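# Observations on the three-dimensional arrangement
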Amino acid sequence: MSSTRLVTVLGAAVRHQRHLRDLSQRQLAALAEVDQAAVARFERGERAPTIPVLERLFAAMDVQLVIGVEPLDAHLDARIDGLAARPIAERIEG
């Protein structure tokens, strides 16, 4: 399975929180009642965890997942390119 950006970000978040708590993958897996190999695959971005499993992993570390949305980067890149094409005096004025 090729990893999506979201799967990569979620895996990195699990790994980061686990490291902050000085937990091994085996310890986290036991706390969340998940297989250690699954934790390893999630952290590497090789497999997307289900929402219930993700919630258990974070709850086992006393944190919760917060989800938000924002514009796509491509939209922002196009806006930046448009502003960059304008003369500097126009950019300063708004």
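If you're wondering where the values come from, they're calculated on a predicted model, not measured in any experiment. (Residues numbered from 1 in each chain as written. Predicted model: local features only at pLDDT ≥ 70, side-chain atom pairs only at ≥ 80, totals over all residues. Heavy atoms only, no water.)

## Description of a negative patch on the surface
A surface patch of like charges, here negative, comprises Glu70, Asp73, Asp77 and Asp81. Considering the arrangement of structural elements, one finds Asp73 in helix α5 (residues 73-85). Residue class for Asp73 comes out partly exposed when judged on its relative accessible area of 45%. (Patch = residues over 30% accessible without salt bridge, like charges linked within 9 Å, V, L, I, M, F, W, Y side chains within 5 Å. Areas by Shrake-Rupley, 256 points an atom, 1.4 Å probe, with all protein chains shown as cover. Salt bridge = Lys/Arg side-chain N within 4 Å of Asp/Glu carboxyl O. Lys, Arg positive; Asp, Glu negative; His and termini not counted. Charge placed at Lys NZ, Arg CZ, Asp CG, Glu CD. Helix = DSSP H or I, 4+ residues; strand = E, 2+ residues; numbered from the N terminus. Buried < 20%, exposed > 50% of the residue type's maximum accessible area, 1.4 Å probe, protein only.)

## Remarks on the nonpolar core
Membership of the largest hydrophobic core comes to 15 residues, with the highest contact counts inside it found for Val14, Leu28, Val34, Val39, Phe42, Leu57 and Met61. Looking at this core, the elements with two or more residues in it are α1 (5-20), α2 (25-32), α3 (36-43) and α4 (51-60). At four residues, α4 tops the list of elements feeding residues into this core. The contact partners of Val39, leaving out residues within four places of it in the chain, are Gln25, Leu28, Ala29, Val34 and Leu57. (Core = buried A, V, L, I, M, F, W, Y, C linked by side-chain atoms within 4.5 Å. Contact = heavy atoms within 4.5 Å.)

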